[in-house]
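Working through the structure, step by step
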Amino acid sequence: MSQGSASMAAGSAAGYQLSDAERTAIDHWRGKFPDGPQGQRSAIIQALFTLQEHGSGWLSTAQMDAVAEYLQVPPVWVYEVASFYSMLETEPVGRHKISICTNISCMLRGAGETVAYVEQQLGIKLGQTTADGRVTLKIEEECVAACCGAPVMIVDGHYHENLTPARIDEILAGLSPSDSAATDDEQD
Amino acid sequence: MNAQVQQDMVTIEIDGRKVEAPKGSMIIEAADRIGIDIPRFCYHRKLSIAANCRMCLVDVEKAPKPMPACATPVADGMRVFTESCRARDAQKNVMEFLLINHPLDCPICDQGGECELQDLAMGYGRSVSRFTERKRAVKDKNLGPLISTDMTRCIHCTRCVRFLDEIAGSNELGTIGRGEKTEISTYIEHSIDSELSGNIIDLCPVGALTNKPFRFRARSWEMLARPAVSSHDCLHSNIWYHTRRGEVLRAVPRDNEAINETWLSDRDRYSHSGLQHANRLLQPQLRNGERWQQTSWEQALEQAVTALQQAGDSVQMLLSPQLVCEEQLAFRHWADQIGAAVDWQVYDHAVADGDQPAQNWSHSNVPLAALERADAVLLAGARIHHDQPMLGHRLRQAQRRHGASINVLTAAQVDWYCRQDSTVLAAPDQWAQHLAGILLALQPDYAGQSGFKTLMKAARRGPEEEQIAQRLQQAERAVVIAGQQIAMHPQAGLLQYLLRLIAEASGSGLTVLAAGGNAAGAMLMHDGAERRIDAPKVLILHSLQPLCDTARPEHLHALCQQADTVIALSAWRDDDLEQLADIMLPVADNIETGGTSVNLNGLSQTFAAAARAPGSARPGWKIARRLAESMSAASTPADAQDASLLQWNDDDAVRQAVANRLQALREGVSDAGSSVDLQAVIHQLPEKPASMTLPKSSAAGQLYRLGELPMVRVDQLCRHSAALQASAHQVADRQARLHPDDLRKLKLNDQARVLISQGDARAEATVVADAAVASGCIGIALTTALAAELGAAFGPVSLQPAADAQQTLALAESDAGDGA
C-alpha cells in the first residue's frame, strides 16, 4: 500500500525484533486472507494477539511498529486496531486480567457490589494494577453474552458466573501469587 | 454504444424530480447533480464512502428505515424524499447526537462563519440542548506548524483520515480508540508531513483542524476572495487568496478539475506569508561602500540609467522563470531596445564545455488529468512529490485506480507514496548509461547506429532496465517523465533526448519537467532572444537571489563581482543581494501584480493582482518602462525605438500585449488559429544533442554531486514564508548526504565534519549517512549556504575530513602569505 509509511515505521521500530515463532504465527494468519493491502490489514488483529500472548501481556509501540513493518501496512492502521479492541493492551498490565461485566443484566444482578467487593479485596480501583503486578482490573467491559449467569466476570479469558463474595474469594485465591500465571492458562 | 449507456443508467426520482444516474452510483451524487442539497459531513466526492456521520439520512420509498444517501446505490424506479417528515426527523436526530459532545465555542472558533456544522445546525439543530450531562473533552494534538487542532470539536467524520490514506498516501492519521473515547490522532505524537497536508483543513467540516498561521487573524466575512494562479511549480494550481485591505491572509484551493481538482499543495497554500516578511524591500536602496542607503525612486533610477548608459550593450538581464509573462515580455522588449542579453534559464547547467543544453521549461503531450489513467510510468530524475506535488498525486492515483506500474530512475530514494515496481538507484553521472540500457532493451538496433555506438557500449542493461522497457512497451497508456533534476543536469540535452527516444520506442507519452513555475511562459516570451554575454558591465537581476536561484551559484557569483553595477529588482532584502548588488529596487511579487502564466499543458491563465504591494514596490514592468523611457529620452529619439514598451500605460495594456503575443504563437502553429491552448507550441521534442558524449564521471575517490532543489525553497516567496520554513520539508543548512558504504570507504563517521571541494570551490559541511542515496553520489541541497559556496548543482566533488583540511588550508595560507 504505502512504501512511505512503512519506511516511517522503520525509524521507530528499531526497538523490537520479531522472533521466528512470531513471524511464523503472523505468516500463518496472513495466509488466510486475500493478497493486497486489505488482506495484510486483516492479519493485524491476530498478529497483535500473537505478540501480546508471546510477550509481556501488552503491546509496546515498538512491537506495533514491528507488526506494521512486517505486514507492510502503515503503522497507524496497527495503532487503530490495538487501541480499538479491549482485549489488546497498549499499557503494561498485571499477570492476571479481571474484567467484570457491568452491563444491564449483570447490573440488575448486583454487578456494582461485585466491582466494589473485588476492588476492596485487591485494594485497587477499576483500571489499576496491584502493586505486585499480579492483577489488573480492567476498566470497562461490554456485555460478555453470559446474562443467564449474571453477575459475570472474566479472569484471564475464563468465565466465572453467578458470583458471590465467597466465590470471588475462591477465584482470587486461586490466582498464582507470584511469577507464574501458567497454571491458570492450562485450564482449558 | 447508446444501448450500452441506456443499460448502465437508471432513472430515480428525488423529491418528485426525475434524474438519470449511472448504476452503482449513490443517491447523494444524483441529488448533487440536480442541485438538491442533502446535508452531509463525512461524504466527499473525492474520497471513499464512510457513511459514518449519518447526517445524509433520506427517506426511500419501501425502505423500512431512513437510508444514508451517500451509501445507498440508486435502483431503477427508486423514489427518494429528502425533506419528508421521516427524513427530516432522522436528520434532526443525527444532528442532536453530533452536537452532544460538540463544544459551544463558535465565538472563539476559527471555523465560525464557514463551518459546515454551524450551517447545518441552523437548519437541523434544536435551539436548546436536551443533553445535560458532561461533554467530553479531547486533548489537542500537535500536528506541526501548518495545522492547528481543537480535537474536542471533532465529529469523527474521518475525512482527514481518508484523505491522508487515499489522496496523500502518507497515512499519518487514524481513528484511535473506541466508542466515546474515539479520537482522531497520530497515536505517536508527530507532525503531519505530507506535502498535501493542508487539504485536511479544508476537508474538516468543523473547527477541529484549522490553518495554524492564519489562526485568529480574520473572520471569513471580513475577507475578499481573489482568484489567482500559483507559480511555484509548472502546474499552476488555481487558488483563492483571501485578503483583507489588500493583504493576503490565507489561500484556499479554487476548483479546477484539469489541474488541482479541489486540492492545493502546502507550498501553494502557505507561501503567501512570505509577502509579509520583515525583510520586504520597501524603498529603493543604493550601495554606499559597505553600507546601504535608502533613496528615492528618482535617484535610484537615475543611478541605474547612468550605469546602463556607460555599459552600452554590455548588459545582461536575468529573470526568474517564475515571473509572469507580463514581466518577461516587458524585459524582453527593453532588452531588445537597448541591445542587451536577456535570460531566464537560470537552472540551465550548460555553460561548461561538453555540457548539453536542456529544455528548461515544462511541457507534456499528456494532459494532467490523463496522467491519472496511465498504466506504466517511468520517472527519471524527478522527486515528483517534492517538485510538482499535484503531479505526484495524479501518478499515485494512476496506481491506486489502474494499477499503474511506477518505475523510477533516481539518485536518492524519497517517499513515493506508492509501490515502486522497478527502481534504478544510480548516481547522476550514471543516468545516461541506464537510460541507454532501457532504450537498448526497447530497440536493440541502436547498438549499431552511428552517433550512438560509444553510448550504447557503455549502456547498463540489467534486469531492472529490461523490466522497465517491457512494462512501457506492454502498457497502453505509458508515460515517460523527464524530471526537474534532468533539466539541471550537465548532460540534460542527452538525457532528455534519450527519454524522448524511450518514449517513442515504447509508444509512451512524454512529459519534460523543469524548475521555475512559469518557465514555459518565459520560453514563449523570450523565444529568439540573445541569451547571455560574457562578463556584462551591468547585470540586472529580477526576483532572483544570485546564490540560490541558479544551478551554478559560483558562476553567477563571479558575474556579479565582475559587473560594474548589479541592479537587483527584488521584493526582499536578502543577504546575497546586499552583498553583491549595487542598486536594489523594490518590486512587487506575482501575487501583487497578477498576470499570465502558461503551464506544462500549454494552458495560459490570467489573473488580477490579489494583494497590494507594500511600501513603494512597483511591478517590474513599470520599472522596465520607466528605465526604457529615461534611456530613450537621453539618447535616441523614441520613434527610433521599438516603442511598444513605452505605450504600456496600465495593466490592461500589458495583459493585452501578452495576449497578442500568445495569440500570434497559436496562429503560428495552426492554420485556423483555433487551437485553444499552447501545447503545440511548447511541446517541442528534445533534439539530438550536437555531441553524444557521456558525462564526466567522478574520478576514483570522488563522489558525484546531486543538487536537489528543496521543496520549500524553490523561490524567494517560499523562502520567506515562515510557515513553510518551519515545516518538516525544511532542509538542514550545511549537510551532505552519503550512502553509509561510501562513508566507510572514505573512513568518515556519520556526522563528521568534512571539507568538500568542487573545482576551485571549497566548503565545510557535516556528512550524514543515508542509505536512500545511491552509492557514489552525494546529496547537497541547493539554495543552502553550503550550495552557495560550492559549484554547479551536478558534478564531481571530493571530500576530506575537516581536521586534515584545516591543516592543508593553513599551509596553503602560509604559502600564500610567504608569496606576498
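Before reading on, note that the structure itself is shown above.
What you are looking at is a predicted structure, and each value in this text was computed from that prediction instead of being measured.

Moving on to the pairing of strand β30 (residues 753-758) of chain B. Note on strand geometry: in a regular strand, side chains alternate between the two faces of the sheet. All names here are of chain B. Here β30 lies mainly inside the structure; 5 of its 6 residues are buried. Bridge count between β30 and strand β31 (residues 761-769): 6 bridges; the pairing is antiparallel. Directly across from I756, in β31, lies its bridge partner A763. In sequence, β30 turns back onto β31 through a hairpin of 2 residues, with G759 there showing a positive phi of about 60 degrees. Both β30 and strand β33 (residues 795-801) contribute to a ladder of 4 bridges, which runs antiparallel.

This part covers the sheet that holds strand β29 (residues 735-738) of chain B. A barrel is described by the order of its strands in space; here 6 strands give the closed sequence β28-β32-β29-β31-β30-β33 (chain B), paired in mixed fashion. Going across the sheet, the axis of each strand differs from the next one's by a mean of 45 degrees, ignoring polarity.

In total, this model carries 8 aromatic pairs over all chains according to the counting rule given. Plain terms: the ring middles of A:Y79 and B:Y187 are 4.6 Å apart, the flat faces sit at 25 degrees to each other, and that makes the pair stacked. With A:Y79 in helix α6 (residues 75-84) and B:Y187 in the loop between β8 (183-185) and α6 (199-203), the pair connects residues from two separate chains. Here the aromatic rings of B:Y446 and B:F452 are separated by 4.8 Å at their centres, their planes lie at 50 degrees, and the arrangement is tilted.

With that settled, consider the sheet that holds strand β25 (residues 583-586) of chain B. Residues and elements named next belong to chain B. Pairing within the open sheet is mixed, and its 7 strands lie in the order β14-β13-β25-β24-β23-β15-β16. Looking at the sheet topology across the chains shown, the edges are occupied by β14 (291-294) and β16 (341-343). If you compare each strand with its neighbour and ignore which way they point, the axes differ by 20 degrees on average. Across 4 bridges, the pairing between strand β24 (residues 565-570) and β25 is parallel. Within β25, the position partnered with L569 by the bridge is L585.

Before going further, it helps to spend a moment on unusual backbone geometry. The omega torsion of the bond from A:A150 to A:P151 falls at -10 degrees, within 30 degrees of zero and hence cis. You can see A:P151 is positioned in the loop between β2 (135-137) and β3 (153-155).

As a further point, take the interface of chain B and chain A. Taken together, the contact between chain B and chain A spans 24 residues of the former and 20 residues of the latter. When chain B packs against chain A, close to 1,600 Å² is buried across both sides, 52% of that on carbon and sulfur atoms. Ranking the residues of chain B by area buried against chain A places B:N171, B:R178 and B:Y187 at the top, with a combined share of 38%. On inspection of chain B and its partner chain A, the count reaches 0 salt bridges. For the interface between chain B and chain A, the tally reads 4 residue pairs in polar contact (both at pLDDT 80 or more). Secondary-structure elements contributing two or more residues to the side of chain B that touches chain A are α5 (159-168), β7 (174-176) and α12 (389-402) of chain B.

How each quantity is defined
- Residues numbered from 1 in each chain as written.
- Chains lettered and ligands numbered in written order.
- Predicted model: local features only at pLDDT ≥ 70, side-chain atom pairs only at ≥ 80, totals over all residues.
- Heavy atoms only, no water.
- Buried < 20%, exposed > 50% of the residue type's maximum accessible area, 1.4 Å probe, protein only.
- Helix = DSSP H or I, 4+ residues; strand = E, 2+ residues; numbered from the N terminus.
- Pairing = 2+ DSSP bridges.
- Axes fitted to C-alpha atoms, helices over the stretch in contact; angles between N-to-C directions.
- Phe/Tyr/Trp six-rings, centres within 6.5 Å; stacked < 30°, edge-to-face > 60°.
- Contact = heavy atoms within 4.5 Å.
- Buried area = accessible area lost by both parts, 1.4 Å probe.
- Salt bridge = Lys/Arg side-chain N within 4 Å of Asp/Glu carboxyl O.
- Polar contact = N/O pair within 3.5 Å; in protein donor to acceptor, adjacent residues only side chain to side chain.

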